[in-house]
Amino acid sequence: MRIFYSLAMITLAFANTVSAGEPAFPASRTIGDTELTRCSTTKIKAFRLIHVGYAALYMKDCKKTDGEFFDEPKLMSFFYTRDIPKRAFSEAAIKTLEENIEPEFFEEWKNEFAEINEAYRDTEEGDQYDISFINGKGLQLFFNDELIVSNQNDKLASQYFQIWFGENPFNH
């Protein structure tokens, strides 16, 4: 029932919305003292069908695709072309984390994940989220360039990226 409600909310949010064009993601971004290079960009689709925006991945070393990927500094930038309710972000994040993280870690970090996910906001066309991970700084989530939540647990922060890069990522 919750999944149906989320689907209905997202579908209603997308009705009668004209999408914005593809953003010009900068070639590099800096987090603190760390310079990150844009490695790739992609369209974001909800339910594999509905185009909701664009994403860019920034890393210090774009060639890190092995097991070290999750420990490498990175930033994901999301630009939305549609309105999306906060609840859709939170529910999708928890569901995808639960599918991609070892059960004992998921249980251990459940409250911290809830705190991060509570920070999500309703988006409107043109809004942007940035989420970063830097060893020693943990996870930082920004909404339209405003820091809205951070978590200093480096292991949790690196694993939060399982949402997009785990075996069962959100966009697939």
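Since the structure is predicted, the reported quantities are computational estimates derived from the model, not experimental observations.

J.: Can you walk me through the packing of aromatic side chains in this structure?
T.: Two numbers describe a pair of aromatic rings. These are the distance of the centres and the angle of the planes. This model, assessed by the stated rule, comprises 11 aromatic pairs. On the numbers, 5.4 Å between centres and 85° between planes, the contact of Tyr80 with Phe89 is edge-to-face. Under the relative-accessibility criterion, Tyr80 is labelled buried at 6%. Three or more aromatic residues link up through ring pairs in this structure, and these residues are Phe78, Tyr80, Phe89, Tyr120, Tyr129 and Phe143. Positioned above the aromatic ring of Tyr58, the side-chain terminus of Arg29 is 5.7 Å from the ring centre. In this arrangement the basic side chain of Lys155 is found over the ring face of Phe105, its NZ or CZ atom lying 5.7 Å from the centre.

J.: Hey, could you run me through the nonpolar core in this one?
T.: For soluble globular proteins, nonpolar side chains are generally found buried alongside one another. One finds Met76, Phe78, Phe113, Tyr129, Ile131, Tyr160 and Trp164 to be the most contacted residues of the largest nonpolar core, which totals 36 residues. If sequence neighbours within four positions are ignored, Phe78 has contacts with Ile44, Tyr54, Ala55, Asp127, Gln128, Tyr129, Asp130, Ile131 and Trp164.

J.: Any chance you could explain the pairing of strand β7 (residues 146-151) here in plain terms?
T.: On a regular strand, each side chain points to the face opposite its neighbour's, so the side chains alternate between the two faces of the sheet. In this sheet, β7 lies alongside strand β6 (residues 138-143) in antiparallel orientation, the contact comprising 5 bridges. Residue Leu139 lies in a different strand from β7, and its bridge partner there is Asn151. Between β6 and β7, which pair antiparallel and follow one another directly, the connecting turn spans 2 residues, one of which, Asn144, has a positive phi of 50°.

Procedures and definitions
- Residues numbered from 1 in each chain as written.
- Predicted model: local features only at pLDDT ≥ 70, side-chain atom pairs only at ≥ 80, totals over all residues.
- Heavy atoms only, no water.
- Phe/Tyr/Trp six-rings, centres within 6.5 Å; stacked < 30°, edge-to-face > 60°.
- Buried < 20%, exposed > 50% of the residue type's maximum accessible area, 1.4 Å probe, protein only.
- Lys NZ or Arg CZ within 6 Å of the ring centre and 35° of its normal.
- Core = buried A, V, L, I, M, F, W, Y, C linked by side-chain atoms within 4.5 Å.
- Contact = heavy atoms within 4.5 Å.
- Pairing = 2+ DSSP bridges.
- Helix = DSSP H or I, 4+ residues; strand = E, 2+ residues; numbered from the N terminus.

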